[in-house]
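A structural walkthrough
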Amino acid sequence: MADAAQWELTKQRIAFTDKMFRDFMNELTPELWFRMPAEGVTHIAWQVGHITIANYGLGMLRIRGKKAEDASLMPESYSQLFGRGSTPSPDQSVHPSVERMVEIYNKVNDKLIEEMETYTLEQLDEPSLPDHPLFKTKFDTLVFLPYHAMMHLGQMGLLRRLAGNAPLR
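Residues numbered from 1 in each chain as written. Predicted model: local features only at pLDDT ≥ 70, side-chain atom pairs only at ≥ 80, totals over all residues. Heavy atoms only, no water.

Now for the overall build of the protein. Counting its regular elements, the protein contains six helices and zero strands. Listing every helix and strand of the protein by position from the N terminus yields α-α-α-α-α-α. Relative to its length of 169 residues, the protein is compact, with a C-alpha radius of gyration of 16 Å against a globular reference of 15 Å. Reported as C-alpha extents along the three principal axes, the dimensions of the protein are approximately 45 × 35 × 25 Å. Out of the 169 residues belonging to the protein, those deemed buried represent 47%. Sequence-distant contacts, at least 24 apart, represent 74% of the contacts inside the protein between residues at least 6 apart. Carbon and sulfur atoms make up 56% of the accessible area of the protein, which totals about 9,000 Å². Computed over 18 positive and 22 negative side-chain charges, the separation of the two mean positions in the protein equals 3 Å. (Helix = DSSP H or I, 4+ residues; strand = E, 2+ residues; numbered from the N terminus. Rg over C-alpha atoms; globule rule 2.2 N^0.38 Å. Buried < 20%, exposed > 50% of the residue type's maximum accessible area, 1.4 Å probe, protein only. Contact = heavy atoms within 4.5 Å. Areas by Shrake-Rupley, 256 points an atom, 1.4 Å probe, with all protein chains shown as cover. Lys, Arg positive; Asp, Glu negative; His and termini not counted. Charge placed at Lys NZ, Arg CZ, Asp CG, Glu CD.)

Rendered as structure tokens:
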């Protein structure tokens, strides 16, 4: 069972990771967003889109279910473009613009931070929706969020360095 202190720490970690993610995006030049290593495995745009949809899915959908207003929050195309199991495409024309991706990320994560304040400890002890092999409870799902984002932020940092840029910190 999650206690109030654990929940506060989790919210702080999610907010801290969100700030690091935003700071990283703000320091990128537009040409880095779709640059892929020669192996063609990923690019920053896919990483940002993936974290956006994951934070929405794990941080809101699995906690409170789908709401009508979610249609204005998360574009339908995100699941196919950036969802689990999707393949990053270097074709910029199939993606939203960099500015739109940053706007969507910010909108989703602002909503996540806002909604987390309404989640109760009792609610967080409920099973994650739907069942997931990694997450027994809704709290487990939220604990995973900052770790997931940091893993992808590390990949973004590597992509940035491969392009010849100095570390940000």
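Having put the structure on the table, let's press on.
This part takes up the nonpolar core. The biggest cluster of nonpolar side chains holds 44 residues, and the ones touching the most others in it are Trp33, Ile44 and Val48. Those elements giving two or more residues to this core turn out to be helix 1 (4-26), helix 2 (44-64), helix 3 (77-82), helix 4 (98-116) and helix 6 (138-162). In contact with Trp33, not counting residues within four places along its chain, are Met25, Leu28, His43, Ile44, Ala45, Val48, Val98, Met101 and Val102. (Core = buried A, V, L, I, M, F, W, Y, C linked by side-chain atoms within 4.5 Å.)

It is worth spelling out the environment of Asp140 at this point. Note that Asp140 resides in helix 6. With 69 residues separating them in the primary sequence, Asp140 and Ala71 have C-alpha atoms 26 Å apart.

Per the counting criterion, the structure on display carries one cavity of 30 Å³ or more. What the largest cavity holds in volume is close to 60 Å³. Surrounding the largest cavity, Ile14, Thr17, Asp18, Phe21, Ile51, Asn55, Tyr105, Leu112, Leu145, Pro146 and Ala149 form its lining. Those elements that provide at least two residues to the lining of the largest cavity are helix 1, helix 2, helix 4 and helix 6. The leading source of residues in the lining of the largest cavity is helix 1, at four residues. Across the lining of the largest cavity, the residue classes tally to eight nonpolar, two polar and one charged. (1 Å grid on protein atoms, 1.4 Å probe; cavity = no way out; pocket = protein on both sides within 12 Å on 5 of 7 lines; lining within 4 Å. Points joined across faces, edges and corners; volume = space filled by probe spheres on them. Nonpolar A, V, L, I, M, F, W, Y, C, P; charged D, E, K, R; others polar.)

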